[in-house]
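Structural overview
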Amino acid sequence: MNPWHLLLLGLIAGGTIYFGLPVGRLSGLGGKARAILSMLSAGILIYLMVEILGEAAGDAAGSVQAAVVGSETTLSAGLKVLLLIAGLLIGLVGLVAVQEKWIERGLRESGTRLSYITAAGIGLHNLSEGLAIGQSFAMGKSALAIGLVIGFALHNATEGFGIVGASTRTGERLSWPSILLLGAIGGGPTFVGTLLGSLWTSDFLSIFVLAMAGGAILYVVKELMFAVRRETAQRLIMAALAIGFGLGWGTEVVAATAQGGKSGDEHAVREADGDILPAAAGKPGAIAPVSARESAQQRQMAEELLHEQAATPKILPDGTKEYDLTASVFPWELYPGATIDAWGYNQRVPGPLIRVRVGDKVAIVLKNDLPQPTTLHLHGLAVPNAMDGVPQMSTQSGTLGTQPEIPPGGSYTYRFTVTDQMVGTHLYHTHVNDDFQMDMGLHGVIIVDPAHSSAKPPYSVEALYEISSFKIGGSEQENAFALNGKAFPETPMLTVRRGDRVLMRLVNASAEEFHVMHLHGYTFEIVARDGNSLPQPERANTITLGPAQTADIAFTADNPGQWMFHCHILDHTVNPSEAGDGSSHQIARMGGLTTFINVQ
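Conventions adopted
- Residues numbered from 1 in each chain as written.
- Predicted model: local features only at pLDDT ≥ 70, side-chain atom pairs only at ≥ 80, totals over all residues.
- Heavy atoms only, no water.
- Helix = DSSP H or I, 4+ residues; strand = E, 2+ residues; numbered from the N terminus.
- Buried < 20%, exposed > 50% of the residue type's maximum accessible area, 1.4 Å probe, protein only.
- Contact = heavy atoms within 4.5 Å.
- Pairing = 2+ DSSP bridges.
- Axes fitted to C-alpha atoms, helices over the stretch in contact; angles between N-to-C directions.
- Core = buried A, V, L, I, M, F, W, Y, C linked by side-chain atoms within 4.5 Å.
- Phe/Tyr/Trp six-rings, centres within 6.5 Å; stacked < 30°, edge-to-face > 60°.
- Patch = residues over 30% accessible without salt bridge, like charges linked within 9 Å, V, L, I, M, F, W, Y side chains within 5 Å.
- Areas by Shrake-Rupley, 256 points an atom, 1.4 Å probe, with all protein chains shown as cover.
- Salt bridge = Lys/Arg side-chain N within 4 Å of Asp/Glu carboxyl O.
- Polar contact = N/O pair within 3.5 Å; in protein donor to acceptor, adjacent residues only side chain to side chain.

Secondary structure summary: the chain contains 10 helices and 24 strands in total. The 600 residues of the chain split such that 48% are buried. In the chain, 76% of the contacts between residues at least 6 apart in sequence involve partners at least 24 apart.

As a further point, take the sheet that holds strand β22 (residues 550–556). Each strand in a sheet pairs with its neighbour through backbone hydrogen bonds, running either in the same direction (parallel) or in the opposite one (antiparallel). Spatial strand order, β15-β14-β17-β22-β19-β20: six strands in an open sheet with mixed pairing. Among the strands making up the open sheet, the edge pair consists of β15 (480–483) and β20 (532–540). Taking the axes of each pair of neighbouring strands and ignoring which way they run, one obtains an average angle of 25 degrees across the sheet. Here strand β19 (residues 524–529) runs beside β20; their pairing, made up of five bridges, is antiparallel. Bridging across to β20, Phe524 finds its partner in Ala540.

Quick look at the sheet that holds strand β23 (residues 561–567) now. If you trace the five strands from one edge of the open sheet to the other, you get β16-β24-β23-β18-β21, paired in mixed fashion. At either end of the open sheet lies a strand with only one pairing partner, and these are β16 (494–496) and β21 (542–545). Across this sheet, the average inter-strand angle for adjacent strands is 20 degrees, counted without regard to direction.

Here we take up the environment of Leu305. The topology assignment puts Leu305 in helix α9 (residues 292–306). On a C-alpha basis, the gap between Leu305 and Pro350 in space is 8.6 Å, while along the polypeptide they are 45 residues apart. With residues near it in sequence (within four places) discarded, Leu305 still touches Pro350, Leu353, Leu464, Glu466 and Asn484.

With that out of the way, let us pick up the nonpolar core. When a protein is soluble and globular, its nonpolar side chains tend to lie buried together. Among the nonpolar cores identified, the biggest contains 29 residues, and Tyr465, Leu494, Met504, Phe555 and Ile597 are the most heavily contacted of them. For Ile597, the residues in contact, after removing those within four places along its chain, are Tyr465, Leu494, Met504, Leu519, Phe555, Gly561, Gln562, Trp563 and Phe565. Formed by 28 residues, the second largest nonpolar core is a distinct cluster that contains Leu325, Trp343, Leu378 and Ile406.

Note: strand β18 (residues 515–519) against β23, three bridges, orientation antiparallel. Residue Leu519 lies in a different strand from β23, and its bridge partner there is Phe565.

Here we come to the packing of aromatic side chains. A complete count under the given rule lists nine aromatic pairs for this structure. Their ring planes at 90 degrees and their centres at 5.0 Å tell us that Trp343 and Phe436 sit as a pair that is edge-to-face. Here Trp343, found in strand β5 (residues 338–345), pairs with Phe436, found in helix α10 (residues 434–439); they are 93 residues apart in sequence, far enough to count as distant. By relative accessible area, Trp343 is classed as buried at 7%. Looking at Phe436, the relative accessible area reads 33%, which means it is partly exposed. Geometrically, the ring pair formed by Tyr465 and Phe565 is tilted, given 5.9 Å between the ring centres and 40 degrees between the ring planes. A residue pair is termed long-range when its members are at least 10 positions apart, and Tyr465 in strand β14 (residues 461–470) and Phe565 in strand β23 qualify at 100 residues. The same class applies to Tyr465 and to Phe565, which are both buried.

Moving on: a nonpolar patch on the surface. A contiguous nonpolar patch, built from Val50, Phe245, Trp249 and Val253 and spanning about 350 Å² of accessible area, is present on the exposed surface. Considering each element in turn, the nonpolar patch owes the most residues, three residues, to helix α8 (residues 234–258). With respect to the helices, strands and loops of the structure, Trp249 is situated in helix α8. On the accessibility criterion, Trp249 (48% relative accessible area) is partly exposed.

Moving on to the side chain of His377. Residue position: His377 is located in strand β8 (residues 377–379). His377 gets classed as buried once you look at its relative accessible area, which sits at 11%. Within the local environment of His377, its side chain forms a polar contact with the backbone oxygen of Asp388, the two atoms lying 2.8 Å apart. Leaving out residues up to four positions away in the same chain, His377 has contacts with Asp388, Leu427, Tyr428, His429 and His431.

So, about the pattern of salt bridges. Tallying each qualifying case throughout the model produces 17 salt bridges. Two residues, Arg505 and Glu308, come together in a salt bridge whose shortest N-O distance is 2.9 Å. One end of the pair, Arg505, is in strand β17 (residues 501–508); the other, Glu308, is in the loop between α9 and β3 (314–315), with 197 residues separating them in the sequence. Look at the salt bridges and you will find they share partners, linking Glu308, Arg355, Asp449, Glu462, Arg505 and Asp552 into a network.

Turning our eyes to something else, we now look at unusual backbone geometry. Glycine aside, the phi torsion of most residues is negative, and most peptide linkages are trans. Cis geometry marks the peptide bond from Val349 to Pro350, where omega comes out at -5 degrees. Of note, the amide linkage connecting Phe488 to Pro489 takes the cis form, showing an omega dihedral of 15 degrees. Here Pro489 shows up in the loop between β15 and β16. Unlike most non-glycine residues, Asn433 shows phi in positive territory, near 50 degrees. Assignment of secondary structure puts Asn433 in the loop between β12 (424–429) and α10. A relative accessible area of 39% places Asn433 in the partly exposed class. For Asp530, which is not glycine, the phi dihedral falls at a positive 50 degrees.

As structure tokens, then:
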């Protein structure tokens, strides 16, 4: 779907608001009929108010919860709460101020003016709907964007009736120009939001706009309810109110169905307002999907690791190379539609690549912003015992371990001098609550180079794939698998020129699973295992890596084409879905530990 099609769909979604507006042209209705129609529209508005304020308050509450577990800053969460309160005040108190100005000027109460206020409030709500459509398109989820358009178009058709409820109540017959203008005010923002959402979105703006919309609609509902307080047919009026609420809710159900129907996750959580959330969202610290910009940044991180772009250290006065690692909780997109609360270093999974040379003095400062204690273990490096990262444990034989755990908010500095024993490809990882913390993303790669490199590098291309596993959707087993933090189709792909001599470093950072990596189209040489060069390289096309094992493989890119590189434990090459591992009735599409080596 191209951007022009998107904007046309946004126009359609907003334009259906005109379906209900012609009710404002009705004339000759009795007082009872006008009151019933007014309450029918009030019921629709009450549902919209509940939905709008529930969404805004829910987003703000989610940020507060995220701040508690460390996946969002306190400043960000606090600002969202302030914007929620400010938006509600502006939408509600601001309209009270407008009404007072009307009274001061001697203007009588007008249903038409109230209809314009209603249109403005609904317009703010529809701006947020348009942002959702545009955001889905920007994330490459065209099917979801179309589903949103269908749902919002049906929903907007009832909103038009809600707009003219006030004028219907007072018996004012709206002119056609007024109806056109009300539709533009109420429905036009859907189109504007679609355009803005495809280019830029902001959680802060969304909360503020929704809160203002909720406040404005609350004001209108108050006025409509006040106007019918002396009507005699109160039973009919209240029945109309309930029917209106049901209409609003019914169109929302249709919208939710258009967005994908019921959740395929058997562990899904249904909120009180009917929203269906994936299982992960029902757990403490659950967060919304990352933005399009964040998704692109995370894919770039995976590419940088593939091409061995290492972190830049701070050089201390004595020549020590100091690396700062901050362990924290943050949103990480494994693949489209699967965002997790990752625990990682420096807001990335895997952590930043550390590259040092024999003779370097190194200091790694680990700050713990996690809700649990942690430590850092430099796997395969013979560092001083106090730097080994094993947490102290009390046993009957006494205290074992090399250091106290680093508590939340604490820090610890690991210092060592790089020796010849450390040369090669290695792993660094947490050593507290290991099975859980490693499968949440607390791991990274450290490469140690010899003191002196050869004048002519033996390889024209060096690449790195770190293999990791995750437990998502409430699984107790590792069920999602990634290369450089991304599962196919988001895994980074390596492109080389024909004739290149290629070195690929492989690191298994999974806490539990073995992986059997296979390269199509080539027989490669295994030149190193666990950082140790092999005196006699092994020729193979498949290599098995247990947890924490590393290997360096090499080949000459003399066979052009797109060559798949994947794990041959084949349930590691699918992403969790309703299809499972595939069956005679369902095809499990490629995912997980799958990528391609493109030889040009």
